[in-house]
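Observations on the three-dimensional arrangement
Each chain, letter by letter, is given below.
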Amino acid sequence: MDAMNRRTDRSDGAGAAPRAARDTDVIVVGAGPTGLLLAGDLAEAGLGVTLLERRPAEISNLTRALVVHARTLEQLDARGLADELIAGGHPLTGLRLFGRATIDPTQLRSRFPFVLVTPQFEVERALERRARRAGVTFRHDSEVLDLDQDTEGVTVRFRTAEGLGSVRAAYVVGTDGVRSTIREAVGLPFPGRSVIRSLVLADVRLAQEPDSPLTFNATGEAFALIASFGGGWYRVIGWNRHRQAADDAPAGLDEVRELTRLALGSDYGMHDARWISRFHSDERQVPSYRVGRVFLAGDAAHVHSPAGALGMNTGLQDAANLSWKLAAVLRGRAPDGLLDSYQAERHPVGKQALRSSGALIRIALLPTGPGRAVRALAAELVNRVRPLARRAVRTLSGLGIAYPAGPGAHPLAGHRAPDFRLAGGSRLYELLRQGRFVLITPAGEPGVPQAPASGGDSSRPADDRVVTACWRSERRTALLVRPDGYIAWATDATAPAARTAALRGAVAHWTGTEDGASIATALTPPAHAADTPAGR
């Protein structure tokens, strides 16, 4: 019996139809990195997940994304995957942005103070193995046609080589890329514009190895990036101001050589191209990441230029934000309203990614003359003005992302939790691999009582909702960390009785017990908060 059928005999406890009325709990459309991480999270939470993908089962060794930033590595660490990817990739201690401007990730307070160069297909392989182990039902060669949703669920229709099919779930998440069928099916616009045309991508071999596994430069007349992704193959991404052509115009190796010589001063003996393509880069974002029971994540929700390498990273972080909320709702620990916080928290982050990548690409493409002086000045500021340099590296790495916490919240609430070392030799992100909230208290402080196996006080958190740990140091702050590694609640109170009551109340409030609405209320900021800057 497959994982989907094992889970159709229970009610989800959240006011939706019994699971027997559905084929699965969640349908994820698109088996790229975003969809794979989301599907794996949900399946590990004990939910039924069906993943629909129009491509065949084999993961392509052609790749678009090449860089994994520190915050994404932390999210992968919380799933036990980061060390594996680092072992097969190339950690870099600097990343060039434009001209001589570089960011220095070594200053980051993270277990991963670097930029990891590794191809997207390696990230996909690791995430797919995890998803399959967790019981995700994969349906490849399945082209989604449309969907219908009602108050109890969503039905998705698709086409395979054998004919037409359909599957029904409580929720659907479209992670199906820039040409998202799911986005079109729910009638969402994708406003924006093209920011750069006639980009060329190629996978080639080189006679001369570059000095770095990731080499980049922009002159205003051209830019080029060369990245190694193993097996002697290199990905080239480039643009030549004087060679603008339509997306369907042929691109050849001579053109790739020319633009790399213009931008980098050498083509490194480029030969044996196995794939060359031309495309354009847009800046677009949907106005809403949710329509009823349908959600969008990754490139289906937002796209931007490749500058800053934010695309795959932002999508993976979308998935980490949404997955625990879907699990809480489907397991009856929070009302459906909790899911509105996905829009409130992630839409501003997507907007910031568009702004950041847009600013980088526009500075890089300033033409010669006055533009060269502006680019040189901007590079000097990034390299020498420390507050600006810190802000730049925290923005691109994702460590600067914080979410609105609401009035009266502790200053730490809404911010990313670093990978604290805890008593007993454990780390926070090792504990987060259990998919639960983590409560950190000073050593010797009264703990939070767990709910009995049956009956008893329903205001106490069940033991599968929270992990408790103690500080290794003398720190007195108590923290409750969300499953996605952001701080939900904190207190510095020292009066024992008041502190213990606040601690127990916070855990009950956030993990969903006697008042399931409280978690949704805590995460739903005022309407204007969605427009606040994401990075603090």
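Refer to the preceding data block for the structure.
The paragraphs below set out a description of the structure included in this document.

1. What about the nonpolar core?
V156 and F223 are the most contacted members of the largest nonpolar core, which has 112 residues in total. Of the residues forming this core, the biggest block, ten residues, is contributed by helix 8 (residues 311-330). With near-sequence residues (within four places) excluded, V156 lies in contact with I27, L52, V144, D146, L147, G165, S166, V167 and V172. Judged by nonpolar contacts, the second largest core, of 17 residues, contains F420, L428, V438 and V467.

2. Notes on the sheet that holds strand 23 (residues 478-481)
One open sheet holds the four strands; their spatial order is 22-21-23-24, and the pairing between them is mixed. Each edge of the open sheet is held by one strand with a lone partner, namely strand 22 (466-470) and strand 24 (487-491). Taking the axes of each pair of neighbouring strands and ignoring which way they run, one obtains an average angle of 15° across the sheet. With four bridges connecting them, strand 23 and strand 24 associate as antiparallel partners. From the neighbouring strand, A478 faces strand 24, where its bridge partner is T491. Strands in contact with helix 13 (residues 496-511) are strand 21 (437-441), strand 22, strand 23 and strand 24; relative to strand 24, the strand with the most contacts, it is inclined by about 170°.

3. Description of the packing of aromatic side chains
In the structure shown here, the tally under the stated rule is ten aromatic pairs. Between Y289 and Y342, the ring centres sit 5.6 Å apart and the planes meet at 50°, which makes this aromatic pair tilted. Taken together, the positions of Y289 in the loop between strand 17 (270-285) and strand 18 (290-291) and Y342 in helix 9 (residues 340-364) put the pair 53 residues apart, joining distant regions of the chain. Residue classification places Y289 among the buried positions, given a relative accessible area of 0%. Taking relative accessible area as the criterion, Y342 reaches 0% and is therefore assigned buried. Ring geometry for F295 versus Y342: centroids 6.2 Å apart, planes at 70°, classification edge-to-face. You can see F295 sitting in strand 19 (residues 294-296) and its partner Y342 sitting in helix 9, a full 47 residues away along the chain.

4. Quick look at the environment of A31
Along the polypeptide, A31 turns up in the loop between strand 1 (26-29) and helix 2 (33-44). Separated by 146 residues in the primary sequence, A31 and G177 place their C-alpha atoms 9.7 Å from one another. Among residues more than four places away in sequence, those in contact with A31 are L36, L51, E53, R55 and E124.

Thresholds applied
Residues numbered from 1 in each chain as written. Predicted model: local features only at pLDDT ≥ 70, side-chain atom pairs only at ≥ 80, totals over all residues. Heavy atoms only, no water. Core = buried A, V, L, I, M, F, W, Y, C linked by side-chain atoms within 4.5 Å. Buried < 20%, exposed > 50% of the residue type's maximum accessible area, 1.4 Å probe, protein only. Helix = DSSP H or I, 4+ residues; strand = E, 2+ residues; numbered from the N terminus. Contact = heavy atoms within 4.5 Å. Pairing = 2+ DSSP bridges. Axes fitted to C-alpha atoms, helices over the stretch in contact; angles between N-to-C directions. Phe/Tyr/Trp six-rings, centres within 6.5 Å; stacked < 30°, edge-to-face > 60°.

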